[in-house]
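# A structural walkthrough
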Amino acid sequence: MIKDKDLISIQEVRNLVQKAKEAQSRFSTFDQYKIDKIVQAVSKAASKEAENLAKFAKRETGFGKWEDKVEKNKLASDKLYEYIKDMKTIGVLNEDKERKIVEIGTPVGVIAGLIPSTNPTSTAIYKALISLKSGNAIVFSPHPSAIGCISKTVEILNRAAVANGAPDGLISCMEHPTIEGTNELMKHKDVALILATGGSAMVKAAYSSGTPALGVGPGNVPAYIERSADIKLAVKRIFASKTFDNGTICASEQSIVTEKIIEDKVKDEIERQGGYFLEGEKLEKIVEIMERPNGGMNPKIVGKSAQEIADMVGIDIPEGTRVLLCEEKGIGKEYPFSKEKLTALLGFYVVEDWEEACELCFKLLENGGLGHSLSIHSKDENIIREFGLKKPVSRILVNTPSSQGAVGITTNLAPSLTLGCGAIGGSATSDNITPMNLINIRRMAYGVEDVDMESCVECESEDLRNIDIEAITKLVMEQIQKINE
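Scoring rules and cut-offs
- Residues numbered from 1 in each chain as written.
- Predicted model: local features only at pLDDT ≥ 70, side-chain atom pairs only at ≥ 80, totals over all residues.
- Heavy atoms only, no water.
- Domains from an automatic or database assignment.
- Contact = heavy atoms within 4.5 Å.
- Buried area = accessible area lost by both parts, 1.4 Å probe.
- Salt bridge = Lys/Arg side-chain N within 4 Å of Asp/Glu carboxyl O.
- Buried < 20%, exposed > 50% of the residue type's maximum accessible area, 1.4 Å probe, protein only.
- UniProt positions renumbered as here; feature names shortened; annotations may be inferred.
- Helix = DSSP H or I, 4+ residues; strand = E, 2+ residues; numbered from the N terminus.
- Axes fitted to C-alpha atoms, helices over the stretch in contact; angles between N-to-C directions.
- Parallel < 35°, antiparallel > 145°, perpendicular 65-115°, else oblique.
- Left-handed = near helix turned anticlockwise from the far one by under 90°.
- Nonpolar A, V, L, I, M, F, W, Y, C, P; charged D, E, K, R; others polar.
- Pairing = 2+ DSSP bridges.
- Phe/Tyr/Trp six-rings, centres within 6.5 Å; stacked < 30°, edge-to-face > 60°.
- Disulfide = S-S within 2.5 Å.

Going by an unreviewed UniProt entry, the protein chain carries the name Acetaldehyde dehydrogenase (Acetylating) and comes from Anaerosalibacter bizertensis.

Put into structure tokens, the structure is as follows:
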């Protein structure tokens with residue numbers, strides 16, 4: 001009898017992957033119509049339980065607001081379904097008769113889905129739906145601190161899938177998550193792809209596993225309020241994003257950058273809408289709990305409201321405070337407000353003009369957010385375009401809340417809870433991940449030109465003009481037949 005937790009976890013993974021492989025083998029024979037019916041049923045089941053799962057996630061992790069988690073669950077079920085329902089993913093995707101190329105979509109196989117504690121139920125719903133839509137099976141590795149709500153989500157999804165004709169085992173979840181078990185899952189020979197969402201170390205491990213991976217790193221999103229912006233609306237959008245599930249989405253704003261000419265107006269509006277600038281002893285107490293000794297974000301403050309953070313350190317803040325801010329003096333490891341803060345904390349910077357803002361935003365992105373996202377609030381299309389052309393990010397969110405905009409709630413970006421950061425951010429893609437990232441495309445290319453053997457007349461070697469094409473073709477076909485057998 002196996003008693004060690006790591007060995008139990010490893011064996012569990014092997015069992016789940018084997019079952020997933022068998023289920024996916026059967027699922028791969030389903031046509032697009034049958035797959036779409038299952039996807040629709042799973043989406044409806046997830047949507048129906050959106051509130052219950054949101055409350056479960058809040059209760060178990062302590063992060064964020066359950067009301068906002070409902071919206072994220074709805075994004076991952078309802079809005080995602082509307083976006084992918086007519087998407088062609090299996091079989092003939094496109095036939096270019098003029099160029100004589102046929103594109104055929106095929107599933108990758110078994111996917112390993114790594115789920116964070118910050119967005120546990122919504123990410124599980126999202127990854128299950130895009131995996132099913134692309135004809136794949138998925139085995140989840142849940143964050144240990146969110147195993148209950150993730151397991152419940154998977155149970156609901158799997159029950160709906162099986163009830164509508166999917167093979168059992170197509171959606172499954174580890175019950176005994178350990179580092180060793182997750183490593184076994186990522187390195188398993190029958191796992192075709194890893195979908196990794198979480199911390200930098202976990203994403204790096206996914207890319208180092210030897211298995212193809214789509215991982216997304218941290219975000220350190222600057223929010224630039226340019227002098228032509230509607231200041232009231234800009235602050236409203238930034239606060240709506242930063243307080244959305246208490247900042248647990250990695251695309252949430254981490255610093256406000258604005259210009260000296262409008263500094264006072266921006267500060268006044270921030271305070272009017274519930275922002276509070278920390279100073280002196282109050283700031284020192286907050287800084288003390290922001291990070292762990294190694295410089296990493298303290299999980300105790302993640303997903304907490306401004307009042308919860310204040311209570312944690314024993315300071316008084318005005319009633320109704322929504323966000324705590326610090327007028328940060330620099331950027332780097334010794335300046336904690338210049339880093340990613342998945343909670344109700346924001347850095348605040350003042351520059352002379354948009355060129356200096358451009359440079360400052362670049363430095364902030366270099367400090368832990370390269371490739372992710374940036375938001376800009378402006379009416380000057382020329383400046384907006386300059387930011388779009390020069391900033392090393394995968395998403396420029398213009399005049400919209402960054403969190404909601406990046407995941408596709410307030411924009412027409414693909415609804416997604418896995419946001420690629422591109423090569424510069426250590427990711428294999430810059431996309432908002434969709435089912436199209438989870439398929440292989442097989443191309444049939446018909447010959448449009450014949451080889452003209454007369455063109456070899458100028459060749460020095462007589463052998464090239466005396467090749468027996470029929471004999472060579474026959475030999476090649478015989479070898480292909482042997483391989484297929």
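### Considerations on the domain arrangement of the protein chain
According to the domain assignment, the protein chain consists of domain 1 (5-216 + 434-442) and domain 2 (221-409). Between the C-alpha centres of domain 1 and domain 2 the distance comes to 32 Å. Contacts between the two partners involve 12 residues from domain 1 and, on the opposite side, 14 residues from domain 2. Summing both sides of the interface, domain 1 and domain 2 together bury roughly 1100 Å²; the carbon and sulfur share of this comes to 53%.

### Structural notes on the pattern of salt bridges
Counted under the stated rule, the structure contains 22 salt bridges. In this structure, the salt-bridge partner of Glu82 is Lys85, at a minimum N-O distance of 3.0 Å. What makes Glu82 partly exposed here is its relative accessible area of 47%. Judged by its relative accessible area of 30%, Lys85 is partly exposed. Here Asp96 and Arg99 are joined by a salt bridge, their closest N and O atoms 3.7 Å apart. A relative accessible area of 23% means that Asp96 is categorised as partly exposed. Judged by relative accessible area, which is 53%, Arg99 ranks as exposed. Each of Lys260, Glu263, Lys267 and Glu327 takes part in one network of salt bridges that share partners.

### Quick word on the UniProt feature "domain: Aldehyde dehydrogenase" (unreviewed entry) in the protein chain
The UniProt record marks residues 11-273 with the feature "domain: Aldehyde dehydrogenase" (unreviewed entry), using the residue numbering of this structure. For the annotated span residues 11-273, helix accounts for 51% and strand for 19% of the residues, and the straight-line distance between the end C-alpha atoms is 53 Å.

### Focus on the packing of helix α4 (residues 66-84) against helix α5 (residues 120-133)
At a minimum axis separation of 7 Å, α4 and α5 run at an interaxial angle of 20 degrees. By the angle between their directions, the pair α4 and α5 is classed as roughly parallel. Helix-helix and strand crossings are classified by hand; for α4 and α5 the assignment is right-handed. Facing Lys72, Asn73, Ala76, Ser77, Leu80 and Ile84 of α4, the residues of α5 in contact are Thr121, Ser122, Ile125, Tyr126, Leu129, Ile130 and Lys133. For the contact of α4 with α5, a count of residues per class yields seven nonpolar, four polar and two charged.

### Things to note about the sheet that holds strand β15 (residues 439-445)
The sheet built from three strands is open, its strands ordered β1-β2-β15 with antiparallel pairing. Single-partner strands in this sheet number two, and they are β1 (91-96) and β15. Across this sheet, the average inter-strand angle for adjacent strands is 20 degrees, counted without regard to direction. When strand β2 (residues 101-107) meets β15, the two strands line up antiparallel, connected through seven bridges. Its bridge partner lying in β15, Ile101 is registered against Ala445.

### Notes on the packing of aromatic side chains
For the coordinates displayed, the defined rule picks out three aromatic pairs. Ring geometry for Phe27 and Phe30: centres 5.3 Å apart, planes at 65 degrees, overall edge-to-face. Here the aromatic rings of Tyr224 and Phe387 are separated by 5.1 Å at their centres, their planes lie at 15 degrees, and the arrangement is stacked. With Tyr224 in strand β8 (residues 221-225) and Phe387 in helix α14 (residues 381-390), this pair connects stretches of sequence that are 163 residues apart. We note that Tyr224, like Phe387, is buried.

### A few points about the state of the cysteines
Going through the model one piece at a time under the given rule, you end up with zero disulfides. Summary of cysteine pairing: Cys149 is not part of a disulfide, and the nearest cysteine sulfur, belonging to Cys173, is at 9.7 Å.

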